[in-house]
Structure formats: structure tokens, C-alpha cells
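Structural description and commentary
Read off the chains here:
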Amino acid sequence: MCGAVTKPDELSNGNQSGKYPACATAFAVNQIAAYNFMAVVTHALGRSSVNPLPKNVCGFDGETWKGAETPWDAPMEWMTTPMAAGPQTFTWNISWGPHFDDTDDLKFWITKSDFVFSPTKALAWDDFETSPFCVEKYTDRNPTANPNVTADKAKSLLHTKCNLPSRSGHHVIYSEWGRIGPTFERFHGCVDGAFGVGTGIGHRPAPGSGNPGLDPVTGKQSDALGRNRETPGGFLMLGR
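Keep in mind that this is a model prediction, so the values were computed, not measured.

Checked against the element boundaries, Val 191 lands in strand E9 (residues 185–195). According to the relative accessible area criterion, Val 191 is buried, its value standing at 11%.

With that settled, the discussion passes to unusual backbone geometry. The peptide bond linking Asn 51 to Pro 52 adopts the cis configuration, its omega dihedral lying at 0°. Its location among the elements puts Pro 52 in the loop between strand E1 (41–43) and strand E2 (81–83). In the Ramachandran plot, Phe 60 falls in the positive-phi region, its phi being about 50° despite a non-glycine side chain. Its relative accessible area of 4% is what places Phe 60 among the buried residues. Even without glycine at this site, Phe 184 takes up a positive phi of about 50°. Tracing the sequence through the fold places Phe 184 in the loop between strand E8 (169–179) and E9. In this structure Phe 184 comes out as partly exposed when scored by relative accessible area, which is 38%.

This part is about the state of the cysteines. This model, assessed by the stated rule, comprises three disulfides. Shown here is the disulfide that connects Cys 2 with Cys 23, its sulfur atoms set 2.0 Å apart. Across the disulfide from Cys 2 to Cys 23, rotation about the S-S bond amounts to roughly -80°, and the bridge is consequently left-handed. With Cys 2 in the segment before helix H1 (23–27) and Cys 23 in helix H1, this pair connects stretches of sequence that are 21 residues apart. Here Cys 23 falls in the buried class, since its relative accessible area comes to 0%.

Membership of the largest hydrophobic core comes to 29 residues, with the highest contact counts inside it found for Cys 2 and Tyr 174. Listed by contribution, the elements that provide at least two residues to this core are H1 and E8. Element by element, the count of residues in this core is highest for H1, at three residues. The contacts of Cys 2, once residues within four sequence positions are left out, are Cys 23, Phe 27, Trp 72, Trp 78, Met 79 and Arg 240. Within the second largest apolar cluster, 20 residues are counted, among which are Val 149, Trp 177, Phe 187 and Val 191.

For Pro 82, the position within the fold is in strand E2. Given the relative accessible area of 11%, Pro 82 is considered buried. The spatial distance from the C-alpha of Pro 82 to the C-alpha of Gly 193 is 5.8 Å, given a sequence separation of 111 residues.

Moving on, we come to the pattern of salt bridges. In total, this model carries eight salt bridges according to the counting rule given. With a closest N to O distance of 3.1 Å, Glu 129 and Arg 167 form a salt bridge. One end of the pair, Glu 129, is in the loop between strand E4 (103–110) and strand E5 (134–137); the other, Arg 167, is in the loop between strand E7 (157–164) and E8, and 38 residues separate them in sequence. Within the structure, one salt-bridge network assembled from shared partners comprises Asp 102, Arg 179 and Glu 185.

Any residue range with low pLDDT should be treated as having predicted coordinates unsuitable for detailed reading. Residue-level pLDDT values for the protein chain average 85, and 83% of them are 70 or greater. Within the protein chain, E2 has the poorest average pLDDT of any element, 91, and E5 the best, 98. Of the regions scoring below 50 in pLDDT, residues 198–222 engages in 59 contacts with residues more than four places distant in sequence or in other chains. Long-range and interchain partners of residues 227–236, a stretch whose pLDDT sits below 50, account for 36 contacts in this model, where long-range means more than four residues apart.

Before going further, it helps to spend a moment on the sheet that holds E7. Read across the open sheet, the three strands follow the order E3-E7-E6; overall the sheet is antiparallel. Each edge of the open sheet is held by one strand with a lone partner, namely strand E3 (86–93) and strand E6 (149–152). Averaged over all pairs of adjacent strands, the angle between strand axes in this sheet comes to 25°, irrespective of strand direction. The pairing of E3 with E7 spans eight bridges and is classified as antiparallel. Within the sheet, the bridge partner assigned to Phe 90 lies in E7 and is Thr 160.

How each quantity is defined
- Residues numbered from 1 in each chain as written.
- Predicted model: local features only at pLDDT ≥ 70, side-chain atom pairs only at ≥ 80, totals over all residues.
- Heavy atoms only, no water.
- Helix = DSSP H or I, 4+ residues; strand = E, 2+ residues; numbered from the N terminus.
- Buried < 20%, exposed > 50% of the residue type's maximum accessible area, 1.4 Å probe, protein only.
- Disulfide = S-S within 2.5 Å.
- Core = buried A, V, L, I, M, F, W, Y, C linked by side-chain atoms within 4.5 Å.
- Contact = heavy atoms within 4.5 Å.
- Salt bridge = Lys/Arg side-chain N within 4 Å of Asp/Glu carboxyl O.
- pLDDT = per-residue confidence, 0-100.
- Pairing = 2+ DSSP bridges.
- Axes fitted to C-alpha atoms, helices over the stretch in contact; angles between N-to-C directions.

And the structure:
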């Protein structure tokens, strides 16, 4: 949402042409660095093996930022995608480095069931379940061996089928796309989901309705948690 879809220059110097105006808060962390949305990367084995864990969750203290906070770590009212427990497909867009031949695994963790999202508090590892809810392997030598991972090489996409656990309200999914040695390059990202009807910010229609609705006051499209956004939520899942 912030970087690939909405560019920093679309929300600066009076320009408000970006699809997601809320991204201005994220870009304030480091506007120039926000153009490097495809470079949230480390060369280690990720959350499963790094000890101690880095301070920043979504950016994983990535090397591009030399351990500093990335725009996607910024506490803010992150936009959400409608979600529900059960089968869900997560897609990694690897257009900026389509390394299918050395892809190893894709892993996904979700915030705990009692997690309460705060737009003013940075995410912490204690907010997330210790174990991933989805771990899938991919081997390019036999690309159809795992039916839960589909490589769309023409579009540089990796589709991963996972079973989402039950949640309510705004939750965050932290994910990793890992590659084999000798680089062990690993990319990191977060996706915000709206599950069911919860309490808190505005009206929250059930996910999967396909149209989160228009705000009766502003006339703008609202997200799955009833918050104003510029484009429909639908079923398009976008990371931060």
C-alpha cells in the first residue's frame, strides 16, 4: 500500500494524488527510504532462528535501513483487508528480484487472539504467536511438488495457500520469503487484516462482503473496520 501503490512524491509538497493518504504518516519516518519497499531484506534465517530478535517487527531491522525503523514499522492507522478464518491465499510480488530458482520457504505469523491494535504503539514480538500458522516450502526443481505454493513466473508472483486461525477485529500478519544458501536472503513484510465484527473503531462489517461501504458523512470508501479509505477493500490483499 505504502511504497508500491502509493509513492512518497504522491503525498508531498501539496500533492495528494496517492490512493492511500494515510501513507503520509509512514513516509514521515523516511520519505526517500520508502521508495525501497522491495528491499526490506536480511541475510539470515528470520524469526525462527535469529536471537535476540530485532527491535522492529515488519522491517526486521533490515540491512537497507541499518537496523532503523522503516516506514512500515510506523505506528499509525494502517489500512486493512477483509479476512476470515480458513483458507486464504497470500501472494508475494517478487518482480524486483524474481528468484524462483533459489526460493526455499514462506512463513506467516499472526498476532495473538487477545491482541488489541493501537495506532500509537509500535508492534512487538510479544504481540505475535510464537509459532507460525503457515510454513510452506518451494523447490524450483519440482515447482508443482507442493500444491500450496504456486509460482506464476510470467507475473513474478508466489501464491501461498494457508489456513488462517480464528480472530476478531484488527490483526497483523508478519511474513517472510526465504531463499536458500549461500545467501540465505530473506524478505520481510506485514499485512493488516480485519476479521469479523469487533468493537472499537466505527462500524465493522463482516469480512468477505466485497464492499466495506461508503461513509455516510464523507462519502468516501471505508475499510473493513469502518475507517475511511480511498479505494474499495474488496478481496485484494495488500501489505503495508
